[in-house]
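If you want the building blocks of each chain, they are given just below.
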Amino acid sequence: MTDKIIDLGSGFWNIRGSFKLGGLIDIGTQCSLVQLESGKFIFLDSYSLTGELRDKVMSLTDNGTKVEAILNLHPFHTIHCAQMAKDFPTAINYGSERHKRKITEVNWADDLVESEAVAKRYPELEFSLPQGIDYISDNEMIHASSLLAFHPASKSLHVDDTFVTPPAKILQAILPELSLHPTTKKALTDEPNAGKKYCDWAENLAEKWQKTENFCAAHSDMVKFGPGEFKAALLKAVAKARPKLEKA
């Protein structure tokens, strides 16, 4: 997957990057660049920038000096955090407890990325943490949860592993589809009605962020939704998964 930056308008750019499983299969990864009302910028997630992509980002951000912060939203996406911190040395680095534990060379902010304190600093965005599943699972193979970020101005949703789409070529001329991450059931918390809590959260999100048109997921191409299509796709995915999740 070739590195590229996509201008989605209203101060939101999605950056598509490369991530190879076992060094062979490129399933892709992402970060996003958001311009704040102040004129400064923040990143959603980390990615090591090189070549023309790096040049473009540096041009937008006054050689990186206007990057205020890096918000690492997925606790298991840590590979590029250290390099990103080096590339933007004046930026504040926000992460989860796992980021702090795993990437000790980064000077992490005291406030956790999923905290209300961080959300209040960036009113240009809306954040949501999945309910009913562990944000940081004890099982290193379970990556279902991530902090989701919605940018109303550009109608762009940045989501890492929580919701997924099929390969883009399958989507041609049909309604874009979504599904829940395959490890969602294993990520359920050990509490009564965890499955119901998760499904209710996802349905509420479909309603709250129904204006989503640009669906930016970590391991699939960016998907465009028409008016009402995101809500319909997410509600369909939840309805399909709810019986199994509620029985878990």
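Cut-off values and rules
The residue count restarts for each chain, going from 1 along the sequence in the order it is written. It should be noted that, the model being predicted, local features are given only for residues of pLDDT at least 70 and side-chain atom pairs only at 80 or more, the latter also being counted only at that level, while totals for whole chains, interfaces and linings use all residues. Excluding hydrogens and water, the side-chain values take into account all heavy atoms of the structure. Runs of E in the DSSP output that reach at least two residues are strands. Runs of H or I that reach at least four are helices, and both are numbered from the N terminus. Exposure classes here rest on a 1.4 Å probe applied to the protein chains alone. A residue is buried below 20% of its type maximum, exposed above 50%, and partly exposed in between. It only takes one pair of heavy atoms within 4.5 Å for two residues to be counted as in contact. With residues, only the protein chains shown are counted as cover, and all accessible areas are computed by Shrake-Rupley using a 1.4 Å probe. Paired strands are those between which DSSP finds at least two bridges. Axis definition: a line fit to C-alpha positions, over the contact stretch in the case of helices; interaxial angles, taken between N-to-C directions, run 0 to 180 degrees. These descriptions rest on fixed angle ranges, namely under 35 degrees for roughly parallel, over 145 for roughly antiparallel, 65 to 115 for roughly perpendicular, and the rest for oblique. Residues are grouped as follows: Ala, Val, Leu, Ile, Met, Phe, Trp, Tyr, Cys and Pro are nonpolar; Asp, Glu, Lys and Arg are charged; every other residue, Gly included, is polar. Among the buried residues, those of types Ala, Val, Leu, Ile, Met, Phe, Trp, Tyr and Cys that are joined through side-chain atoms within 4.5 Å form a nonpolar core. In this tally Asp and Glu are treated as negative and Lys and Arg as positive; neither His nor the chain ends contributes. Should a side-chain nitrogen of Lys or Arg be within 4 Å of a carboxyl oxygen of Asp or Glu, the pair is scored as a salt bridge. Per residue, pLDDT captures the predictor's confidence, and it can take any value from 0 to 100.

J.: Looking at this structure, how should I read the overall build of the chain?
T.: Tallying secondary structure elements over the chain gives seven helices and 15 strands in all. Within the chain, buried positions represent 51% of all 248 residues. Long-range contacts, defined here as pairs at least 24 residues apart, represent 59% of the contacts in the chain between residues at least 6 apart. As displayed, the chain offers around 11800 Å² of accessible surface, 50% of which is attributable to carbon and sulfur atoms.

J.: Help me understand the environment of valine 57, please; the structure alone is not making it clear to me.
T.: Note that valine 57 resides in helix α1 (residues 51–60). Overall, valine 57 belongs to the buried group, its relative accessible area being 0%. Taking the C-alpha atoms as reference points, valine 57 and tryptophan 13, 44 residues apart in sequence, are found 9.6 Å from one another.

J.: Could you clarify how one ought to interpret the sheet that holds strand β9 (residues 126–128) in this entry?
T.: Strand order across the open sheet formed by five strands is β9-β10-β11-β14-β15, with mixed pairing between neighbours. With one partner strand each, in any of the chains shown, β9 and β15 (223–224) form the two edges of the open sheet. As paired elements, β9 and strand β10 (residues 148–151) share three bridges and run antiparallel to each other. Across the sheet, glutamate 126 pairs through a bridge with phenylalanine 150, a residue of β10.

J.: Got a minute to help me understand unusual backbone geometry in this structure?
T.: Backbone phi values are negative for most residues with the exception of glycine, while trans is the configuration of most peptide bonds. With a phi angle near 55 degrees, serine 10 is a residue other than glycine that sits in the positive phi range. For serine 10, the position within the fold is in the loop between β1 (4–7) and β2 (12–17). Even without glycine at this site, aspartate 62 takes up a positive phi of about 55 degrees. Among the secondary structure elements, aspartate 62 is positioned in the loop between α1 and β7 (67–71).

J.: So what exactly am I meant to see when it comes to the packing of helix α6 (residues 194–208) against helix α7 (residues 229–247) here?
T.: Packed helices, taken two at a time, are described by their axes: the angle between them and the distance between them. Two elements in contact, α6 and α7, have axes whose closest approach is 9 Å; the angle formed by their N-to-C orientations is 175 degrees. Judged by the angle between their axes, α6 and α7 are roughly antiparallel. The residues of α7 that touch α6, namely those facing Gly195, Lys196, Tyr198, Cys199, Asp200, Ala202, Glu203, Ala206 and Glu207, are Phe230, Lys231, Leu234, Leu235, Val238, Arg242, Leu245 and Glu246. Here the residues of the contact of α6 with α7 sort into nine nonpolar, one polar and seven charged.

J.: What is the right way to read the environment of proline 75 from this model?
T.: Relative to the elements of secondary structure, proline 75 occurs in the loop between β7 and α2 (81–87). Of the residues examined, proline 75 reaches a relative accessible area of 0% and is grouped as buried. Residues proline 75 and lysine 100 lie 25 residues apart in sequence; the distance between their C-alpha atoms is 9.5 Å. If we skip the residues at most four places from it in the chain, proline 75 touches Ser96, Arg98, His99, Tyr135, Ile136 and Ser145.

J.: Explain the nonpolar core here, please?
T.: Across soluble globular proteins, nonpolar side chains show a tendency to be buried alongside one another. One finds Leu148, Leu157, Phe163, Tyr198, Phe215 and Phe230 to be the most contacted residues of the largest nonpolar core, which totals 31 residues. Elements that contribute at least two residues to this core include exactly β10, β11 (156–159), α6, β14 (214–217) and α7. Leave out the neighbours within four places in its chain, and tyrosine 198 touches Pro130, Gln131, Gly132, Ile133, Thr162, Phe163, Leu180, Thr184, Leu188 and Leu245.

J.: Mind showing me how you'd approach the side chain of glutamate 124 here?
T.: Residue placement: glutamate 124 occurs in the loop between α4 (116–121) and β9. It is arginine 121 that comes nearest to the buried, bridge-free glutamate 124 among opposite-charge side chains, at 11 Å.

J.: Just to check I follow, could you spell out the pattern of salt bridges for this structure?
T.: Close approach of charged atoms lets side chains of opposite charge pair. Scanning the entire structure with this criterion turns up eleven salt bridges. Residue glutamate 191 pairs with lysine 197 through a salt bridge whose shortest N-O separation is 3.3 Å. In this structure glutamate 191 comes out as partly exposed when scored by relative accessible area, which is 33%. Here lysine 231 and glutamate 207 are joined by a salt bridge, their closest N and O atoms 2.7 Å apart. Linking lysine 231 in helix α7 with glutamate 207 in helix α6, this pair joins segments that are 24 residues apart in sequence.

J.: Is there a simple way to explain the confidence of the model for the chain in this structure?
T.: Predicted coordinates in areas of low pLDDT are best not read in detail. Here the chain averages 90 in pLDDT, and 90% of its residues register 70 or above. The low-confidence segment residues 169–173 (pLDDT under 50) makes four contacts with residues lying over four places distant or belonging to another chain.

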